[in-house]
Amino acid sequence: MTTGAPRPVPYDPELTDGLAAFLDQVEGIPLRAHTILENRAHFATIIPSMEQQAAGRAVEWEDLLVPGPHGSPEVAVTVVRPAGHDASSARVPGVLGIHGGGQVLGTRFFGTGELIDLAVRHGIVGVAVEYRLHPEARDAMGETARGTAAAEDCYAALLWFAAHAAGLGVDPDRLLVSGASAGGGLSAAVALLARDRGGPRLAGQLLNCPMLDDRNESPSSRQYDGLGAWDRNNNDTAWDAILGPDRFGDDVSPYAVPGRAADLSGLPPAYIEVGAAEVFRDEATAYASRIWAAGGSAELHVWSGAYHGFSGFSPGAVVSRAAVDARDSWVRRTLRLP
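No experiment lies behind these values; they were computed from the predicted model shown.

J.: Honestly, the pairing of strand β7 (residues 270-275) in this entry has me stumped. Any pointers?
T.: Looking down a regular strand, the side chains alternate between one sheet face and the other. Where burial is concerned, most of β7 is hidden: six out of the six residues are buried. Of the two faces of β7, both are covered, the one formed by Ala270, Ile272 and Val274 as well as the one formed by Tyr271, Glu273 and Gly275. Judged from the four bridges that link them, strand β6 (residues 204-208) and β7 form a sheet pairing that is parallel. The partner of leucine 207 across the bridge, within β7, is isoleucine 272. As defined by bridge partners, β7 adjoins strand β8 (residues 298-303) across six bridges and the pair is classed as parallel. Paired with glycine 275 across the bridge in β8 is tryptophan 303. With helix α10 (residues 281-293) bridging β7 and its parallel neighbour β8, the resulting β-α-β unit is right-handed.

What follows is the structure, given as structure tokens:
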């Protein structure tokens, strides 16, 4: 841990076994610029296939290619539906799911578990998006929009989702964008893009432990230097890969770094959750405060003693169950579910 950093918030004792089990899966390959590809290959081996995730669940899915942004390559998506969903008669909510991994790791199947749960529990149709990873995609949109390729891919998937809502049996007035970690940051970016471009009107944005600010200089980022499931060093590696020489500059795009957006007014209602014992605590709470200051709607939950991604890796803990219940309550209210 960095010398002189504030004392870290202690972990909830119920969560430590889950954190240790996750670290056992990924330890041995510190995430640094020269190990991104090695980490990516290893990470891919611990993501269950769609067949494994959907086994015994009442869901159907299909893989599609949809138009990419501004003449870029097509974007792969996976559509997840409740089994037997009748698109000709039903109009159910839709959720665009965006996976985590620091924008340098992972595939869309890292986020399909959430969509399967939503399909089974609430009859929701979900779309998981395969966005381009960094650093390979860093300059894809040009130097003036460096680091925005992932957000643009996700927004392209949203445009396709909204345009094809009727054929999917989805209510276009009940579309939600959702993601965790890098997926949370990209969900915030998609909400900004939709607002600024007059795009689909989102019912809400679910930002779970979101990665929002490249500067990595908050007290919580310093407290979790060398600690946790995603620490200050991993965060530095990822933001360097995303922004390259533009990092820390004054003119980075808010679609690459939502925490740098000057204006957070006019956004869809936000659900923001984060652990008190993780690197993103302070930037997440700051983002909620800025939405409130701009006259917007945000529901913020900071879970005591919780590490990054705790509810997924320690599902049986009391705090994890409380977090899932709070998230589910917001989804129900936002999407007008029974």
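J.: Would you explain α10 in this entry?
T.: Two residues of an α-helix separated by three or four positions point the same way, owing to the 3.6 residues in each turn. Helix length check: α10 (13 residues) gives 19 Å between terminal C-alpha atoms against 18 Å at 1.5 Å per residue, within 8%. Tucked inside the fold, the buried residues of α10 contact α7 (182-196), β6, α8 (219-223), β7 and β8. One or two residues past the end of α10 sits glycine 295, with phi positive at roughly 90 degrees.

J.: Hey, could you run me through the pattern of salt bridges in this one?
T.: For the structure shown, the criterion picks out 21 salt bridges. Between aspartate 196 and arginine 195 there is a salt bridge, and its shortest N-O distance comes to 2.7 Å. Judged by relative accessible area, which is 38%, aspartate 196 ranks as partly exposed. Residue aspartate 282 is joined to arginine 281 by a salt bridge in which the shortest nitrogen-to-oxygen separation is 2.9 Å. Taken together, the shared-partner salt bridges connect Asp63, Arg108 and Glu130 into one network.

J.: Before we go on, may I ask you to explain the environment of valine 274 in this structure?
T.: Examined against the element boundaries, valine 274 turns out to sit in strand β7. The exposure class assigned to valine 274 is buried, which follows from its relative accessible area of 1%. Between the C-alpha atom of valine 274 and that of valine 302, which follows or precedes it by 28 residues, the distance is 5.1 Å.

J.: I'm lost on helix α9 (residues 232-243) in this one. Help?
T.: The terminal C-alpha atoms of α9 lie 16 Å apart, and with 12 residues this matches the ideal 16 Å at 1.5 Å per residue to within 8%. Extensive coverage of α9 is indicated by the burial of nine of its 12 residues. Every buried residue belonging to α9 is among Arg232, Asn234, Asn235, Thr237, Ala238, Trp239, Ala241, Ile242 and Leu243, and all of these are buried. Here the buried face of α9 lies against α2 (36-45) and α8. A positive backbone phi angle near 55 degrees is found at glycine 244, which sits one or two residues after α9.

Rules used in this analysis
Residues numbered from 1 in each chain as written. Predicted model: local features only at pLDDT ≥ 70, side-chain atom pairs only at ≥ 80, totals over all residues. Heavy atoms only, no water. Buried < 20%, exposed > 50% of the residue type's maximum accessible area, 1.4 Å probe, protein only. Helix = DSSP H or I, 4+ residues; strand = E, 2+ residues; numbered from the N terminus. Pairing = 2+ DSSP bridges. Right-handed = clockwise from strand over helix to strand, strands pointing away. Expected span 1.5 Å × (residues − 1). Contact = heavy atoms within 4.5 Å. Salt bridge = Lys/Arg side-chain N within 4 Å of Asp/Glu carboxyl O.

Such coordinate-based values are descriptive only and should not be taken to indicate function.
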